[in-house]
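Descriptive analysis of the structure
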Amino acid sequence: MKAVCWRGAKDVRVENVPDPKILNPRDAIVKITSTAICGSDLHLYDGFIPSMMSGDIMGHEFMGEIVELGTGVKNLSIGDRVIVPFTISCGSCYSCKTAQWSLCDNSNPNAFMAEALYGYSAAGLFGYSHIFGGYAGGQAEYARVPFADVGLYKVPEGLTDDQVLFLSDIFPTGYMAAENCNIKPGDTVAIWGCGPVGQFAIRSAFLLGAERVIAIDRFPDRLKMAKEQAGATEVINYEEVDAGEALKEMTGGRGPDSCIDAVGMEAHGTGPDYLYDKAKQAVRLETDRPTALRQVIVACGKGGTVSIPGVYGGILDKIPFGAAFNKGLTMKMGQTHVHKYLDPLMKHIQNGDIDPSFVITHRISIDDAPQAYETFKHKKDNCIKVVIKL
Amino acid sequence: METEAGKINQSQAETDETISDKERWASIVGGSAMVLMGLQQRSLRGILTAIAGGGLAYHGATADKSLQDKVVDATGINKAIRVEKTVTIDKSAEELYNYWHNFENLPNFMKHVKSVQVLDMRRSHWVANAPLGQTIEWDADIINDQPNQLIAWASEEGAQVDNSGFVRFSPAPSDRGTEVKVVMEYNVPGGMVTAAIAKLFGEEPEQQIGDELRRFKQLMETGEIATTEGQSRGQ
Amino acid sequence: MMPGDIIGHEFVGEIVETGREVKTLKKGDRVVVSSMISCGQCRYCKHQEWSLCDNSNPKGALQEPLFGFSTSGIYGYSHLFGGYAGAQAEYVRIPYADYGAIKIPEGLTDEQALPISDAFPTGLMGADLCNIKRGDIVAVWGCGPVGQFTIRSAYMLGAERVIAIDRVPERLKMAREQSGADTINYEEVGAGEALKEMTGGRGPDACIDAVGLEAHGMGFMGAYDEVKQAVKLSIDRPYVIRQMILACRKGGTLSIMGVYAGFLDKMPMGAAFSKGLTLKMGQMFGQKYIPMLLDRAVKGEIDPSYVFTHQMPLDQAKQAYETFKHKKDNCIKVVLKP
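Our subject in this report is the structure included herewith. Here the structure is a predicted model, which is why all the values come from computation and not from measurement. (Residues numbered from 1 in each chain as written. Chains lettered and ligands numbered in written order. Predicted model: local features only at pLDDT ≥ 70, side-chain atom pairs only at ≥ 80, totals over all residues. Heavy atoms only, no water.)

Details of the interface of chain B and chain A
Put simply, the test is: It only takes one pair of heavy atoms within 4.5 Å for two residues to be counted as in contact. Buried area is understood as the total, over both parts, of accessible area removed when two parts are fitted together, assessed with a 1.4 Å probe. One speaks of a salt bridge when a side-chain nitrogen belonging to Lys or Arg is within 4 Å of a carboxyl oxygen belonging to Asp or Glu. Throughout this description, a polar contact denotes any pair of N or O atoms lying within 3.5 Å of each other; where both atoms belong to protein, one of them has to be capable of donating a hydrogen while the other can accept it, and for residues adjacent in sequence the pair is counted only when both atoms sit in side chains. Amino acids outside the nonpolar list (Ala, Val, Leu, Ile, Met, Phe, Trp, Tyr, Cys, Pro) and the charged list (Asp, Glu, Lys, Arg) are all regarded as polar, and Gly is one of them.
Facing the 22 residues of chain B at the interface are 39 residues of chain A. Both sides together, the interface formed by chain B and chain A hides about 2,400 Å², and carbon and sulfur atoms give 44% of it. A per-residue breakdown of the area chain B buries against chain A is headed by B:Glu224, B:Ser232 and B:Arg233, which together make up 26% of the total. Counting across the chain B and chain A interface gives 4 salt bridges. Across the pair B:Asp90 and A:Lys97 runs a salt bridge, and its minimum N-O distance is 3.2 Å. Inspection of the chain B/chain A interface yields 18 residue pairs in polar contact (both at pLDDT 80 or more). When grouped by side-chain class, the residues that make up the side of chain B that touches chain A number 2 nonpolar, 10 polar and 10 charged.

Below you can see the structure in the form of structure tokens.
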């Protein structure tokens, strides 16, 4: 089959690789129909996430049709059209049972790596480095899905791929970011980053009852989408005005009740094994560039919540913790508990509250994936979201 | 030597008025971590023999500070490789005990154990993978067996690798499942270098036992062991 | 801080004079005073977030560049927090006295009421922020006075077990004997590994940073000086936060009561993110917790005086600081008597 393989920093190639096979009883094989490139794939592309190995298959936002099932999967059938959550969850550990799906105890075969770096291991992820399990990803014609009986989610009749594809990651991610803000009536939410996750966070904040959402970015096309498509009340271009000052003025001097950092880390171009090795050696390093997070902490109103859906992989410097402490902030973060949000968000889509396809700017064939990574990385051609059609 | 240690423990137990030695060792087996880490002079087998047949009193490590301090302060040359690891599994102690008690199941999640054959109620025959494709074999006895709580085993006299261990099952707080603690000790046999034993046990014994317990948890909770071996990738 | 500033923010005493608008207090009342100065009228005070008061810091403008917004004043705690004269003195002025000074019920001694001014409510808030549920194991870094009360509070709020971490044997002993905590001496064993083993491999459900408060006088001055000089700074003690992030169980809560003023370096945000942690923090909401603590004390459920190891006359304050700072003579907490 064809697959997008990681070959090193800024080097992904479409290659012919062996088709996946069932390895465990609860596995399924999915023939992929739509798969997207995620902003967090750019961290891999830039060689910034440690423990990628040459030949790894990329991709964690995908859907398709079941073509093969392990003997232990009873609730699905060959031919079912399904969405695949990017977090792999067993459904039977304490974390899964308490709906903390992305913290699954059992789905990461390389848990020892994550433990060395993070103390405890969270769930395995598709196509997201060996620290998170080394699972082959979904930018391919087929993918093996472990714990398919828990992970795969059947698509109701009458919905297109474009409408439901983003339930695999970015829509639930934006939604959980907003939910973590514990929004109360009258609240103002400020969102840094108007990429796809930011767009869904804006929309979700309204679904959860925010009175105002203020979106912050530097790309006019993204701000335009935030205002026109996602419905942000106001937008701030931080290259034109000081975002902190502008927010203070816009909120009557109180500051936003909660802030979302939907930017996350920005690549520095460090080697793949850098972080893991260095962390083990407890050597001093800063790996991520947390400009947005610093701004978010200082801009947030007293007693407010900072919600962090943007992926941070490593170690940050110069975090204004004094500001966070003295303002009594709450900081909430984490990979998305995708499984938890599938039902409610599918309802929103079916009810017509939202059509997630609005973020798609590019539809391509898998052969064009390497070029699309470049376009997406440099935000050329007003690129916001790329979907690969198979 | 081990049996002597056991005898010493037992005789002390009979004379100590305040807290019997048997209880102390039971407290170590039953109590929290770090205590065993500090046990330098006593062999695990001695401890296990000492408490065999006795009731398993559960004391936290803090129940007897003086003992903990004493143990931690103990000095001596320790040739054994001893590892200790705990994992919490969301299943009943009974289920976990039953699976473990059939030693023939152990190779399902213990990579260094090739096979175990149960000979009778007490005895079993173990085959472990050794470096360079070799295997090491020995017979082991169950020396302490408390249903749904504890299984302790030790190799028989004259085994190629003198080893012993126990697994303890105790309830985790509230609805969090069962805490499974494993302690294993491998003693350096005559003529075999420590490094070879280390290899047998993995480069990092702590990590190996940790991985094995994690696989046990995966198997018990999900019915399978998470893997990517054999999946697609670019050549 | 400036030379000549009076320090001290934990005190009890007797009212000798009141402003004309003070309604609830009169001369002769024995009171315990929250270390946080709060107006009682703003949105934050009304929401019981007393240390976030909008109005009580006359020098709030100093804070804005650093924190974004100004927070409440604190007695004797640098000009960043209002420059209020502190209480290691014979008399002290209490602004917003109706809200800040709370009458001590009959039957409590000064030593029993004094920790309820700051250390105990700080500990209680540290535990309260953890949202402790049945079966939870709570790890507390630091067994100074705040740590001691944090441990006690975690048990009061229903923790299954509290594990206390320090390196000073007397403090660990107090944690065991007064509150029944399990203890880890981090100079003897690795705290992270020990916690993992002691929690069945799961990790503590919540981790509380109660370190550094007793030494903050020094730390804070350093911070403030560097802020004034607009120097790039990383002056806090981030070690504990780093360790807590790695030691905490997945989905757990970090509660940070150790005082932080500046910037934090080498923060393992990847670990915090990957494990889905919640970080909660803040200066304590004194007025929220003081009444309930006084109530418990008067009922005999708690006797906070156990943390005092030393009593000295105010004249010997300098010596007391030295003893306390270097933890000489098994010193845990000093009460100064004017």
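With respect to the pattern of salt bridges
Residues and elements named next belong to chain B. The condition is simple: Strands here mean DSSP runs of E at least two residues long; helices mean DSSP runs of H or I at least four residues long; both are numbered from the N terminus. The buried label applies to any residue whose accessible area, calculated with a 1.4 Å probe on protein chains only, is under 20% of its type's maximum; exposed applies above 50%, and partly exposed to all values in between.
Counting across every chain of the model gives 48 salt bridges over all chains. Between glutamate 84 and lysine 181 there is a salt bridge; the shortest N-O distance is 2.8 Å. In this pair, glutamate 84 sits in strand S1 (residues 81-89) while lysine 181 sits in strand S7 (residues 178-187), placing the two residues 97 residues apart along the sequence. With relative accessibility at 3%, the residue glutamate 84 sits in the buried group. On the basis of relative accessibility, which here comes to 1%, the residue lysine 181 falls in the buried class.

Concerning helix H14 (residues 369-377) of chain A
Residue and element names in this part refer to chain A. What counts here: By definition, the arc is the one covered by directions from the helix axis to the C-beta atoms.
For H14, the complete set of buried residues consists of Ala369, Ala372, Tyr373, Thr375 and Phe376. Considered in projection along H14, the buried side chains sweep an arc of 165° and stay on one side of the axis. With its phi angle positive at about 50°, lysine 379 sits one or two positions after the end of H14.

Some details on unusual backbone geometry
Of all residues except glycine, most have a negative phi; of all peptide bonds, most are trans. At A:Asn382, a residue that is not glycine, the phi angle is positive and equals roughly 55°. With respect to the secondary-structure elements, A:Asn382 resides in the loop between H14 and strand S17 (386-389). Even without being glycine, C:Tyr96 reaches a positive phi, approximately 45°. Tracing the chain through its elements places C:Tyr96 in the loop between strand S4 (73-74) and helix H3 (97-100).

Some thoughts on the pairing of strand S5 (residues 150-155) of chain B
Working note: regular strand, side chains alternate between the two faces of the sheet. Residue and element names in this part refer to chain B. Here is the rule: For two strands to be treated as a pair, DSSP must find at least two bridges joining them.
By the criterion of burial, S5 is predominantly enclosed, with 6 of the 6 residues buried. Alternating residues of S5 divide into Leu150, Ala152 and Ala154 and Ile151, Trp153 and Ser155, and every residue in both groups is buried. When strand S4 (residues 135-146) meets S5, the two strands line up antiparallel, connected through 6 bridges. Along S5, the bridge assignment pairs asparagine 144 with alanine 152. Taken together, S4 and the strand that follows it, S5, pair antiparallel across an intervening segment of 3 residues, in which asparagine 148 is found at a positive phi of about 65°. Bridge count for S5 against strand S6 (residues 162-171) is 5 bridges, and the pairing is antiparallel. For tryptophan 153, the partnering residue across the bridge sits in S6 and is glycine 165. In textbook terms, the turn of a hairpin is the stretch between consecutive antiparallel strands, and for S5 and S6 this stretch comprises 6 residues, one of which, glycine 158, has a positive phi near 80°.

Examining the side chain of C:Arg161
Of note, C:Arg161 is situated in strand S7 (residues 161-166). A polar contact is formed between the side chain of C:Arg161 and the backbone oxygen of C:Met198, at a distance of 2.7 Å.

A few points about the sheet that holds strand S3 (residues 123-129) of chain B
Residue and element names in this part refer to chain B. Where we set the bar: To obtain each axis, a line is fitted to C-alpha atoms, and for helices this fit is confined to the stretch in contact; angles are then taken between N-to-C directions over 0 to 180 degrees.
The strand order across the open sheet built from 7 strands is S1-S7-S6-S5-S4-S3-S2, with neighbouring strands paired in antiparallel fashion. The open sheet is flanked by S1 and strand S2 (113-118), the only strands paired with a single partner. Sheet twist, expressed as the mean angle between neighbouring strand axes with direction ignored, is 20°. Most of the contacts of helix H8 (residues 205-222) go to S1, to which it runs at about 25°, and overall it touches S1 and S7.

What to know about the interface of chain C and chain A
Contacts between the two partners involve 55 residues from chain C and, on the opposite side, 55 residues from chain A. Across the chain C/chain A interface, buried area totals approximately 4,500 Å², and carbon plus sulfur atoms make up 61% of it. Ranking the residues of chain C by area buried against chain A places C:Phe69, C:Lys250 and C:Phe273 at the top, with a combined share of 19%. Counting the contacts that link chain C with chain A gives 5 salt bridges. We note a salt bridge from A:Lys302 to C:Asp54, for which the minimum N-O separation is 2.6 Å. Elements supplying a minimum of two residues to the side of chain C that touches chain A: helix H1 (43-46), helix H2 (60-67), helix H10 (239-247), helix H11 (269-274) and strand S11 (278-281) of chain C. The element best represented in the side of chain C that touches chain A is H11(C), accounting for 6 residues. When the residues that make up the side of chain C that touches chain A are grouped by side-chain class, the tally is 28 nonpolar, 14 polar and 13 charged. Pairing of strand S15 (residues 330-333) of chain A with S11(C) involves 3 bridges; the strand directions are antiparallel. Looking at the pairing, A:Met331 lines up with C:Leu279 of S11(C).

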